[in-house]
Amino acid sequence: MKNRKVTYRLYPNKKQVEHLAEMLALHQRVYNAALEERIRLYRDENKSLSFADQCKALTTWRHTYKELANLNAQSLQVTLKRLDLAFQSFFRRVKKGDKPGFPRFKSLQRHRGWGYKTHGDGWRLFPGEKNDKHGQLRISGIGMITMRGRARSLGEPKTCEILHRSGKWYVSVTLACNPERTSGTKAIGLDWGIEKFLTTHDSKQETKQIENPRYVKSALKQLKLLQQSVARKTNKQSCRRKKTIKSLAKLHSQLARRRKDFHHQEAAKLVKENGLIAVEALSIRAMTQSGGSRKKGLNREILSTAPAQFHQLLKSKAEEAGIIWIEIPTQIVKPSQTCYQCKTQKKKTLSERWHSCPCGASCLRDENSARVVLDYALRKVSGQELAEAGSRGCFATLNRETHAIS
Ligand SMILES: [Zn+2]
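Summary of the structure given here. (Residues numbered from 1 in each chain as written. Predicted model: local features only at pLDDT ≥ 70, side-chain atom pairs only at ≥ 80, totals over all residues. Heavy atoms only, no water.)

## Thoughts on helix H2 (residues 51-64)
Applied cut-off: In DSSP terms, a helix is any run of H or I states spanning at least four residues, a strand is any run of E spanning at least two, and both are numbered starting from the N terminus. The length a helix should cover is 1.5 Å for every residue beyond the first. Throughout, exposure labels follow a simple rule: accessible area from a 1.4 Å probe, protein chains only, divided by the maximum for the residue type, with under 20% read as buried, over 50% as exposed, and the rest as partly exposed. Along the arc lie the directions from the helix axis toward the C-beta atoms. We call two residues in contact whenever any of their non-hydrogen atoms come within 4.5 Å of each other.
For H2, built from 14 residues, the straight-helix expectation of 20 Å at 1.5 Å per residue is met to within 8% by its first-to-last C-alpha distance of 20 Å. Looking only at H2, the buried set comprises Gln 54, Cys 55, Leu 58 and Trp 61. Each buried residue of H2 lies within a common arc of 110 degrees when the element is viewed along its axis, so the set occupies one face. Looking at H2, the residues exposed on the side facing more than 90 degrees away from the buried face are Lys 56, His 63 and Thr 64. Buried-residue contacts for H2 involve helix H1 (14-45), helix H3 (66-69) and helix H4 (73-96).

Now the structure itself:
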């Protein structure tokens, strides 16, 4: 069984919109009140509140405030849990010596929604009869809301989140399901670059490049114009400013949606054709942290192609299909600096796009990296190095371990 998220767009009527907005405001107030409690108790009595303490306090609040008594108890706990998680990650960053941001009070705009823990407790999903398309969602206190969307694999609803984004309402449902996915028999090494989204090299000695989708560039231009327009409108109350902010948010979500679609499609293709996928272990931080203003544009390019999201999607699809997934320890292998033919290491700057080596190897920099990644992975899976590598944590096979690689 595997958990999958499906997001449906909700189409509430006018009255339901009012109710949803009320609920959102109540959850926001609970979040902020709980945060205030934690701060006050720490400041005045030097005590820390735990999630369990706050759940107890919630019961008292629900007795005192009628509006809260009408809300689903579990969903309020989920809101408290979110605050608790915000604190946990804050303390984790403090411990690690990073720059921590203290959990903030949330404005209504920044408050994205609320969640439910158990199907049937406060919410129920009624998927449409045709291919599980569309359907209805019942939320206690609101009633039946029409929804549109489609689950790719049928499954049992587990938890859900009600989301409010750029004036629209959504429900994101976690389904436990058994997705079926077929795979191929080739082995492939991946390298993501800046100019090209992805360069691959496979065991049939084929090299392919996948372009960055064009809309990213055009959207960036549009984003910049809108951002400047917001910056010029200094009166925070002005309607035109609010309107511009709204279209900016719309563009952002449009872009994110299209990019995710693109990632889904490319990842599905790769899994369908291969039985082994080798990638570099990814650290976005390493890619974006250093570098001053000169690198800002570049960082944006890297982030706009969102390798982390793609990496995640590809990995979960590989898992579903039960193929071999190998993450290469970049620090040890150094794919961009190693020659795929003679294995000599030589430093390259970011602007060097061509790999040429005294040994005679000559190809695109990204192709060389993909070849090194694949080569390393294949050496790891042949023979007993497999177990060793696994124990060092730089290697992971999924579900099935024996797979025909041609
Ligand atoms: Zn060489």
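## As for the packing of H1 against H2
So the rule is basically this: The axes used here are C-alpha line fits, helices contributing only the stretch in contact, and every angle between their N-to-C directions lies in the interval 0 to 180 degrees. Orientation is classified from the angle alone, with under 35 degrees giving roughly parallel, over 145 giving roughly antiparallel, 65 to 115 giving roughly perpendicular, and any other angle giving oblique. What makes a crossing left-handed is the near helix being turned counterclockwise from the far one by less than a right angle; a clockwise turn instead makes it right-handed. Charged residues are taken to be Asp, Glu, Lys and Arg, nonpolar residues to be Ala, Val, Leu, Ile, Met, Phe, Trp, Tyr, Cys and Pro, and polar residues to be all remaining types, Gly included.
It is the contact of H1 with H2, at a shortest axis distance of 11 Å, that shows an interaxial angle of 120 degrees. Considered as vectors, H1 and H2 are oriented oblique to each other. Once H1 is placed against H2, the crossing between them reads as right-handed. Contacts from Val 30, Ala 33, Ala 34, Glu 37 and Arg 38 in H1 reach Phe 51, Gln 54, Leu 58 and Trp 61 in H2. Taken together, the residues of the contact of H1 with H2 sort by class into six nonpolar, one polar and two charged.

## Quick notes on the packing of H2 against H4
In contact at an axis separation of 10 Å, H2 and H4 are set at 140 degrees when each is read in the N-to-C sense. One finds that H2 runs oblique with respect to H4. Both H2 and H4 take part in a crossing whose hand is right-handed. In this structure, H2 contributes Phe 51, Gln 54, Cys 55, Leu 58 and Arg 62 to the contact, and H4 contributes Ala 73, Leu 76, Gln 77, Leu 80, Lys 81, Leu 83 and Asp 84. When grouped by side-chain class, the residues that make up the contact of H2 with H4 number seven nonpolar, two polar and three charged.

## Structural notes on the coordination of the zinc ion
Where a metal carries four tetrahedral donors, each ideal angle is 109.5 degrees; where it carries six octahedral donors, the ideal angles are 90 or 180 degrees. Definition in use: Any nitrogen, oxygen or sulfur atom within 2.8 Å of a metal ion counts as a donor, with the limit raised to 3.2 Å for Na, K and Ca, and since water is left out, coordination shells can look unfinished. A site with four donors is called tetrahedral when every donor-metal-donor angle falls between 85 and 135 degrees; four donors are called square planar, and six octahedral, when opposite donors sit more than 155 degrees apart and all other angles fall between 65 and 115; any other arrangement is irregular.
Every protein donor of the zinc ion is accounted for by Cys 339 (SG), Cys 342 (SG), Cys 357 (SG) and Cys 359 (SG), and the metal-donor separations fall at 2.2 to 2.3 Å. Every donor counted, the four donor atoms about the zinc ion form angles of 107 to 113 degrees at the centre, which fits tetrahedral coordination. Taking the relative accessible area as the measure of exposure, Cys 342 reaches 34% and is therefore partly exposed. Since its relative accessible area comes to 16%, Cys 357 is described here as buried.

Everything listed here is a matter of geometry and, on its own, says nothing about what the molecule does.
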